[in-house]
Amino acid sequence: MKKILYLMMLLGATPLFADNYSLQSPNSKIEVGVEVGKQTTFTVALNGETILDKSPLSMTFDNGVVIGRDMKVVRVERATQQRVLQPVVRVKSATIDDHYNEMVLHAEDYRLEFRVYDDGVAYRFHTDFDTDLKVLSEEADFTFSKDYEVLFPEEKSMLSAQQPMFLPRKLSEIKPDKYCSTPMLVKLSDKARMLISESDLVSFPGMYLKKQGRNELSALHAAYCEQEAAPSRQVFPIKRADYLARVKGTRDYPWRAMVIAENDADLMMSQLIYKLAPETRGDFSWVCPGKIAWDWYNALILYGVDFKAGINNPTYKYYIDFASKYGIEYVVLDDGWSEEMDVTRTVADIDMDELTAYAEKKNVGLILWVSWSALREKLDEALDLYAKWGIKGIKMDFMNRDDQSMVDFYNDVIVKCADRHLLVDLHGLHKPTGWIRTYPHVLSSEGVAGLENHKWSSVVTPKHNVTLPFTRMVAGPMDYTPGGMRNLHEKDHKIWFDLPATIGTRCHQLGMYVIYESPLQMLAESPSRYYQEEKCMEFLSRVPVVWDETRVLEASLGEYVVVARRSGDTWYIGGMVGEKGQSFDIPLDFIRGKKTLTEWKDGVNVDKFAEDFSCHTRTVKQGDTLKVTMYDGGGYVAIIR
C-alpha cells in the first residue's frame, strides 16, 4: 500500500510519460527531436548521428511564469514552406531557395516554433500574455554529444565591439568562467560544421555563449541598463537591472539558429540567418549598393597636391574626384567632420553645402560617420539635416553594447534612416541578425576584426582572413574594409598607425573583394596611393558589390577559399590562402563559349616583396582548366567576360 501511495504521489507531481515530437529537414539529413515535460529539451542529429544531446530551453518572467517548463501542448501545427525569395540587395544571389519544414507546439499562452532547413535548425518562443512583463532569464543550452573542437570567439566583457579572434579549442578546455560572442563555430568532424548565431534580434539583448558543463554551452545576455554614465562619445552602463528585458506580452523572440553544413563550402553558402529574418516592408528601391572611398584608415594622407591635407573641403574634394574617376559610388567623411558632441555642426574647415554640391556634380554620394551617443542627442534633427544636405547615409559607431536599450536604439535609428532614404553602415556592435532582409538599406556592419587592426596590432593574419568566410560572414555582410596597398609578409609586419601595412600579399587584398560580402564595400587606401596602382584600380573599379550567383570552388576553414561570383554575364574569381600557399586546377565549366580572362596573381618575386603581382589577359572557353597558384598569405583574382 505504501508503494502504491508513493507511486501515486510521483504521478501527481510529474507526467509519467513526456511528449515527444520530431521534425526532419526537407532532404531528411537533419532531424530535430523535442521532448516536452517537466523540462522541454531538443536534440539534433545529422545523417543519423546525434550532434546535440538533450538541450533545455525556457524563459522566465517576473510574473512567475516559466515557459518551456511543465509545458502542456494543446495543439501541434506542422507545415512545409517552399518558395523562392528575391532579395532587394543581392548579397550572394539574385534568388534564394527558402525551403523548410516547420513544427509549432502551442501551449495555453505561448508557443514554441521549430524550423528545419537543409542547412540548419532554428527555434524561437512566441508569447501571448495579457500584460507587459520583464524577462528575468533565458535558458538556451547547447549540449554537445562529444568533446568537439570549436572556434571560440572569446569576449572579455559585454561592453565590446565584438571583434574577436576565432581561436580553436576543445569544449572541455574552455574554462567555466569564459564566454564568447556569436556566431560560434563547432567542428563536428573533419568536414561537418555547426555555427550558432541568432536572427530577428528586436528589443532583446544579444546572445553570448558561456561554458556550462563539460561539453555544454549556455546562452548569456547583458542585463537591462538602468543607468548610463555621463554623455560622451562612448556611453556605458553604470547600473544594470536584475532582468534582461522589458517586453510586450505578445511578441516573437529572437530565433536561436544553428547553421549545419557537411563541408566548408556549404557552410559559406548558407543564408539561414537571412531566411529567418522578417520580410521587408515598404519600398526600398532607392537603396543603391556600392563601393566607398574611406579616409580614416589612411589618416587622410595625400601627396602630390597643392593643399594641406586634413579634415577640410579641398581634401574631401580630392577623394570625390578619385571616386568619380573610378566610378566609386560613395565617399565617407569619418571621425572629425563634426563637433565631437554635436553632429549637426561641422568643424570650421568643412562647408557641407559646398561639399555636397560638388559631390552631386561628380555623381558621388557622401556618407557621414557619427558616434551613436552624439547622434542620440539630436537624432531627428540630425537626420533631417543630413537629408536636407543631400547626404546618402550614415556610418554609426561606438555602440559597443548589445543590451536591450542599445538594441532598441539602433533599431530606432535604422527605421528613421529608412524614412529619410539614408543608408546605414553599423560599426562598433555585434554581428548582423538579418537586417539586410528586413531593412535592405543596412548594407553592411562591423562586428569583425578587420583591416583597421593593422594600425595597432599584428593579429589580423591571412589565417584569420580565411577563417572569417566560415564564421562571422555566415551571419551576414561584414565591413572588413579591405584594399590596403602597403603589404608585408607576416614575419616582416611592423605597426605604423598613420601608414599601416597589411599582412599578406597584394593579391590577398584583391581577393577580399570577391570573397568578402559587403554591399557597401570600402576602399581603405589613400587615393594618392591608388592613383599609383593603375593595374589594381582596373580590378577595383570594375568589381561589383552585389551578385547574381555564387559558387564556392575550393574551401578549407582557415586554410584557403576560392569563389566564383557572377554579375550579369561577367564572372569574377577570387582566391585567398592562409599561412601556406596553394595551387588549384579550376574547371571553367560555369562559363559559356569563348571569353576574355584578365587575372591578377602573386608575382614571381612575391616571396621577397609581398606587393609583387602580375596581370595578364588571354582567351578562355568553357571546359578549359584555370591554374590558380597562391603564395603563402597570397591571393588571386580574375575577371571573365
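Residues numbered from 1 in each chain as written. Predicted model: local features only at pLDDT ≥ 70, side-chain atom pairs only at ≥ 80, totals over all residues. Heavy atoms only, no water.

Some words on the sheet that holds strand β37 (residues 570–577)
For step 1, the next point in the chain: Spatial strand order, β35-β36-β37-β42-β39-β40: six strands in an open sheet with antiparallel pairing. Two strands close off the open sheet at either side, each with one partner strand: β35 (549–556) and β40 (613–621). Sheet twist, expressed as the mean angle between neighbouring strand axes with direction ignored, is 15°.
For step 2, the next point in the chain: As paired elements, β35 and strand β36 (residues 560–567) share seven bridges and run antiparallel to each other. Bridging across to β36, Val552 finds its partner in Val563.
For step 3, the next point in the chain: The strands that helix α11 (residues 506–515) touches are β36, β37, β39 (594–602), β40 and β42 (635–640); relative to β37, the one it contacts most, it runs at about 130°. (Pairing = 2+ DSSP bridges. Helix = DSSP H or I, 4+ residues; strand = E, 2+ residues; numbered from the N terminus. Axes fitted to C-alpha atoms, helices over the stretch in contact; angles between N-to-C directions. Contact = heavy atoms within 4.5 Å.)

Some details on the packing of helix α4 (residues 313–325) against helix α5 (residues 352–361)
Working note: a packed helix pair is described by the angle between its axes plus the distance between those axes.
For step 1, the next point in the chain: The interhelical angle for the contact between α4 and α5, taken along N-to-C directions, is 15°, at an axis separation of 10 Å. On the basis of their axis angle, the class for α4 and α5 is roughly parallel. Considering the relative orientation of α4 and α5, their crossing is right-handed. On α5, the residues touching Asn313, Tyr316, Lys317, Ile320 and Asp321 of α4 are Glu354, Leu355, Tyr358 and Ala359. (Parallel < 35°, antiparallel > 145°, perpendicular 65-115°, else oblique. Left-handed = near helix turned anticlockwise from the far one by under 90°.)

A word on the environment of Arg506
For step 1, the next point in the chain: Position of Arg506 among the secondary structure elements: in helix α11.
For step 2, the next point in the chain: The residues touching Arg506, leaving out its near neighbours within four places in the chain, are Gly484, Met485, Asn487, Arg529, Glu533, Cys536, Ala610, Glu611 and Phe613.
For step 3, the next point in the chain: Polar contacts involving the side chain of Arg506 include one to the main-chain carbonyl oxygen of Met485, which spans 2.6 Å. (Polar contact = N/O pair within 3.5 Å; in protein donor to acceptor, adjacent residues only side chain to side chain.)

Notes on the confidence of the model for the chain
For step 1, the next point in the chain: Mean pLDDT over the chain works out to 96, with 97% of the residues at or above the 70 mark.
For step 2, the next point in the chain: Within the model, pLDDT remains below 50 along residues 1–17, and this stretch shows two contacts once partners closer than five positions in the same chain are excluded. (pLDDT = per-residue confidence, 0-100.)

Regarding the side chain of Asn215
For step 1, the next point in the chain: In this fold, Asn215 is placed in the loop between β17 (208–211) and β18 (216–220).
For step 2, the next point in the chain: The contact partners of Asn215, leaving out residues within four places of it in the chain, are Phe142, Thr143, Phe144, Lys146, Asp147, Leu171 and Ser172.

As for the environment of Leu57
For step 1, the next point in the chain: Tracing the sequence through the fold places Leu57 in strand β4 (residues 49–61).
For step 2, the next point in the chain: Sequence spacing of Leu57 and Met485 is 428 residues, and the spatial spacing of their C-alpha atoms is 49 Å.
For step 3, the next point in the chain: Apart from residues no more than four positions distant in its own chain, Leu57 is found in contact with Gln39, Thr40, Phe42, Ile67, Gly68, Leu112, Phe114, Tyr123, Phe125 and Glu139.

Comments concerning the sheet that holds strand β25 (residues 330–333)
For step 1, the next point in the chain: Reading across from one edge, β31-β30-β29-β28-β25-β24-β34 is the order of the seven strands in this open sheet, with parallel pairing throughout. Each end of this open sheet is capped by a strand with a single partner; those strands are β31 (442–445) and β34 (520–523). This sheet shows a mean twist of 25° between the axes of neighbouring strands, independent of strand direction.
For step 2, the next point in the chain: Both strand β24 (residues 290–293) and β25 contribute to a ladder of two bridges, which runs parallel. Looking across to β25, one finds that Ile292 is bridged to Tyr330.
For step 3, the next point in the chain: The sheet strands contacting α4 are β24, β25, β28 (365–371) and β34, and the helix crosses β25 at an angle near 160°.

Observations concerning the pairing of β28
For step 1, the next point in the chain: Burial of β28 is extensive: seven of the seven residues sit out of reach of the surface.
For step 2, the next point in the chain: Of the two faces of β28, the one lined by Gly365, Ile367, Trp369 and Ser371 and the one lined by Leu366, Leu368 and Val370 are each fully buried.
For step 3, the next point in the chain: Pairing of β25 with β28 involves four bridges; the strand directions are parallel. In the strand pairing of β28, Tyr330 is matched with Gly365.
For step 4, the next point in the chain: Pairing between β28 and strand β29 (residues 393–397): five bridges, direction parallel. Looking at the pairing, Leu368 lines up with Ile394 of β29. (Buried < 20%, exposed > 50% of the residue type's maximum accessible area, 1.4 Å probe, protein only.)

Examining the packing of aromatic side chains
For step 1, the next point in the chain: One pass over the structure, following the stated rule, counts 35 aromatic pairs.
For step 2, the next point in the chain: Pairing Phe144 with Tyr148 gives two aromatic rings, centres 6.2 Å apart and planes at 90°, and the pair type is edge-to-face.
For step 3, the next point in the chain: Take Tyr148: its relative accessible area is 4%, and that puts it in the buried class.
For step 4, the next point in the chain: On the basis of an interplanar angle of 85° and a centroid distance of 5.8 Å, the ring pair of Tyr410 and Trp435 is categorised as edge-to-face. Here Tyr410, found in helix α8 (residues 404–419), pairs with Trp435, found in helix α9 (residues 435–438); they are 25 residues apart in sequence, far enough to count as distant. Just as Tyr410 is buried, Trp435 falls in that class too.
For step 5, the next point in the chain: Taken together, the aromatic side chains of Phe307, Tyr318, Phe322, Tyr326, Tyr530 and Tyr531 make up a single cluster linked through ring pairs.
For step 6, the next point in the chain: Above the plane of the ring of Tyr358 lies Lys317, whose end atom (NZ or CZ) is 5.2 Å from the centre. (Phe/Tyr/Trp six-rings, centres within 6.5 Å; stacked < 30°, edge-to-face > 60°. Lys NZ or Arg CZ within 6 Å of the ring centre and 35° of its normal.)

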